[in-house]
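Structure assessment
Residue-level listing of the chains:
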Amino acid sequence: MVESTVSLHLYYIIQEAVLNAVKHGKATSIAISIARDNDRFVLTIRDNGAGFQSPGGSTGMGIRIMRYRASVIGTTLDLKSAPVRVLK
């Protein structure tokens, strides 16, 4: 069972990621999954948006808040950007 504080922070991380994907990336499709890997959970959020520049050096408030929330619950935030390629 996941502690309620952890659940709440995960919820807000997901909420911010979805907001960023729609608002900044113009995503029209978002997939969210949580998988258990032994003693840890892996949260994955994928979208079909435009991606973003330099996640490691980003100073955007949303990413800073997500990193902070992850640190509060003793985990890390790993961001990867790979814009969707449309095949013709």
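Residues numbered from 1 in each chain as written. Predicted model: local features only at pLDDT ≥ 70, side-chain atom pairs only at ≥ 80, totals over all residues. Heavy atoms only, no water.

**Observations regarding the packing of helix α1 (residues 4-23) against helix α2 (residues 61-72)**
At a minimum axis separation of 9 Å, α1 and α2 run at an interaxial angle of 160°. Taken together, α1 and α2 sit at an angle that is classed as roughly antiparallel. Between α1 and α2 lies a crossing whose hand is left-handed. When α1 is examined against α2, the residues H9, Y12, I13, E16, A17 and N20 are found in contact with a partner set consisting of G62, I63, M66, R69, A70 and V72. Of the residues contributing to the contact of α1 with α2, the split by class is seven nonpolar, three polar and two charged. (Axes fitted to C-alpha atoms, helices over the stretch in contact; angles between N-to-C directions. Helix = DSSP H or I, 4+ residues; strand = E, 2+ residues; numbered from the N terminus. Parallel < 35°, antiparallel > 145°, perpendicular 65-115°, else oblique. Left-handed = near helix turned anticlockwise from the far one by under 90°. Contact = heavy atoms within 4.5 Å. Nonpolar A, V, L, I, M, F, W, Y, C, P; charged D, E, K, R; others polar.)

**Looking at α1**
Given a rise of 1.5 Å per residue, 20 residues ought to cover 28 Å, and the 28 Å separating the end C-alpha atoms of α1 matches this to within 8%. Among the residues of α1, H9, L10, I13, I14, E16, A17, N20 and A21 are the ones counted as buried. All buried residues of α1 fall inside an arc of 165° around its axis, so they share one side. Those residues of α1 that are exposed and aimed more than 90 degrees away from the buried face are S4 and K23. In the core, the buried residues of α1 are packed alongside β1 (30-37), β2 (40-47) and α2. (Expected span 1.5 Å × (residues − 1). Buried < 20%, exposed > 50% of the residue type's maximum accessible area, 1.4 Å probe, protein only. Arc of directions from axis to C-beta.)

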